[in-house]
Amino acid sequence: MKRALPPAQLRLVAAKALGEEVDEFDHRIASPSGQSIEVVTPEGQWPTTLFIELIGTGTKKVPWAGQIHSNPLLEWIVRSWLIDRLQTVLHVRPIQLLLRRISDVQVSAIDAVSIERALSAWIEDMATACVAENRDDVPMAGVLLYQWALEVQAVPGFSDWTLYRLQALAWRGRGKSYGQLTTLRDPVGGPYTRPELARIETAISSSAAVSTRQRAAFYLCRDWGPRPVQLALMRASDFGEDSFGPYVDIPSVKAQRAKLRRADGNIVRRHITDQAAEAVHRQMLEAESQVSMLREKMQGCLSELGIERCPAPLPLFPRRERPEPALMRFCEDSALYPYTLHATGGMIGREIADIGKALALVQDEAIANLTGDSFATILAYRLRRTKGTAMVLMGCSREEVAEALDHATPWSVEHYFRYSTETHDLISAAAASSQQIAQAANMWEGRFLQDAVPETGERPVGGLGRCTLKTPCPKHPRISCYACHRFRPDRNADHSAALKEIVAYDELMRQQSTGPVRNQLSLEVLGAMSLVQHLCRDDGGGNEGPE
């Protein structure tokens, strides 16, 4: 790759083309997390690579010495934007995307108007192509560059109208994307059903193959659905107990709050179950032994640098190793040093996924045929979606779900509210195979109308039994009752009629849904039908399901 013009020479070219004074490039800048990043060497050259430490996420590398574009004015605009962005935003992906593609912009004239025309045409072409492929990341990176040149640098030729048009093009594909909705019904990536989660919890509690830190991470994800990066930012001192019970303090990482990481006021207290508290407490006790070797290497690095520092804080889920070049950067930089022992979110996410490999829970045959996976997956984000879905079914508001899941706005959780509660309840309690049907049916033991102790305020439910909910139910009683713990079915009721309605519901979903959504909903509805048939057989054969 051809080397870029030196910073001083590039600045002179930009000043001449724009007809105005242009500031010199800073030699060092500070990232939002406080890291000091060298962008120009003491010799006045570009460093070969910029190493951006994203606390709790990992190290991002940005190639820096090579030529970004053959047009020196466009090169100056891009480098100035990158330097500004590295100081204000933690999200590095747009930078990496743009650097890979910006050389495709066709412009040779070294003037601002020509560059604006070429850049806007390139963004428009990329947006059109990416909408067809249901992707918008590359053109959005171009839009961010265009917006900076207009609003921050005030480069001649860049206009508000063009920016508005490019933004509309880049975002055009988002309204047609069903990714989040499909994910919620994905048998591999979507929320767990109650029987699935119970099966996993039982296996974890009895397995010696699951480590203490894996148990702690799993139970925290189950209780509150934090992102893996939030677990990576937690420290042993974040665990405690007050008058309300055991708790953990979890850092927020969404939107502008992501810059604060572990700053005061950016920590949210979450009370956890006793089961999670026990696992977290054990992990807290084991954490120091997990970093003993890394602490020795840190001390060696500090001695080599001639720096004296207090011991680095102990993370709740520490890393065991760090490459020496990165270790030197962390030890040398006072802003990075407190995070030297922290693992990344990717590491913790993989540890949680490894629980599934260790347990090797055989996947339901129907789902295995649909997905090709023979074993059940255990993923942090599946537990997160399970938490969000459960809160919706409990009647929580958008604000409450967004706050619990650390989303920036209530509308970020809108996809959790897009499916009817009857469908969610149906999926939550119904299992999709005979193995899970038996477990789901067990929850009815002692709950039949003839077996349960009568409760005050019970309501009749369409000749099927009675409901202990003391307020009007917003759900579909002929379907969702079979998935509700408040339902007391009558052994003598005509459950076959309800089963016929579920069959009709299945047909309706086949007609109104497409792709993965139709396949998964069909699978789950059939599971609910099997559950009803199982209950009907328990009634003594008086209720026969439809053929």
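Every value quoted in this text rests on a predicted model; they were computed, and no experiment measured them. (Residues numbered from 1 in each chain as written. Predicted model: local features only at pLDDT ≥ 70, side-chain atom pairs only at ≥ 80, totals over all residues. Heavy atoms only, no water.)

### Here we look at the pattern of salt bridges
Side chains that differ in sign of charge can pair as their charged atoms come close. Under the defined criterion, the tally for this structure stands at 16 salt bridges. Residue Arg 79 is joined to Glu 75 by a salt bridge in which the shortest nitrogen-to-oxygen separation is 2.8 Å. With a gap of four residues between them, Arg 79 and Glu 75 both fall in helix 2 (residues 72-88), about one helical turn apart. For Arg 79, a relative accessible area of 0% gives the class buried. (Salt bridge = Lys/Arg side-chain N within 4 Å of Asp/Glu carboxyl O. Helix = DSSP H or I, 4+ residues; strand = E, 2+ residues; numbered from the N terminus. Buried < 20%, exposed > 50% of the residue type's maximum accessible area, 1.4 Å probe, protein only.)

### Some remarks on the nonpolar core
Residues Trp 76, Ile 77, Val 78, Ile 102 and Leu 119 are the most contacted members of the largest nonpolar core, which totals 55 residues. Looking at this core, the elements with two or more residues in it are helix 1 (7-18), strand 3 (49-54), helix 2, helix 3 (93-101), helix 4 (112-132), helix 5 (137-151) and helix 6 (160-170). Looking at this core, the element that brings in the most residues is helix 2, giving nine residues. Within the second largest apolar cluster, 35 residues are counted, among which are Met 234, Ile 272, Ile 352 and Ala 380. (Core = buried A, V, L, I, M, F, W, Y, C linked by side-chain atoms within 4.5 Å.)

### A few points about the environment of Pro 489
Following the sequence through the fold, Pro 489 ends up in strand 10 (residues 487-489). Along the sequence, Pro 489 and Leu 464 sit 25 residues apart, while their C-alpha atoms lie 5.8 Å from each other.

### Concerning the pairing of strand 4 (residues 58-63)
As judged from the six bridges shared by strand 3 and strand 4, these two strands associate in the antiparallel manner. Bridge pairing links Thr 49 to Pro 63 in strand 4. Between strand 3 and strand 4, which pair antiparallel in sequence order, lie three residues; one of them, Gly 56, sits at a positive phi of approximately 85 degrees. (Pairing = 2+ DSSP bridges.)

Note that every value here comes from positions in space, so none of it alone points to a role or purpose.
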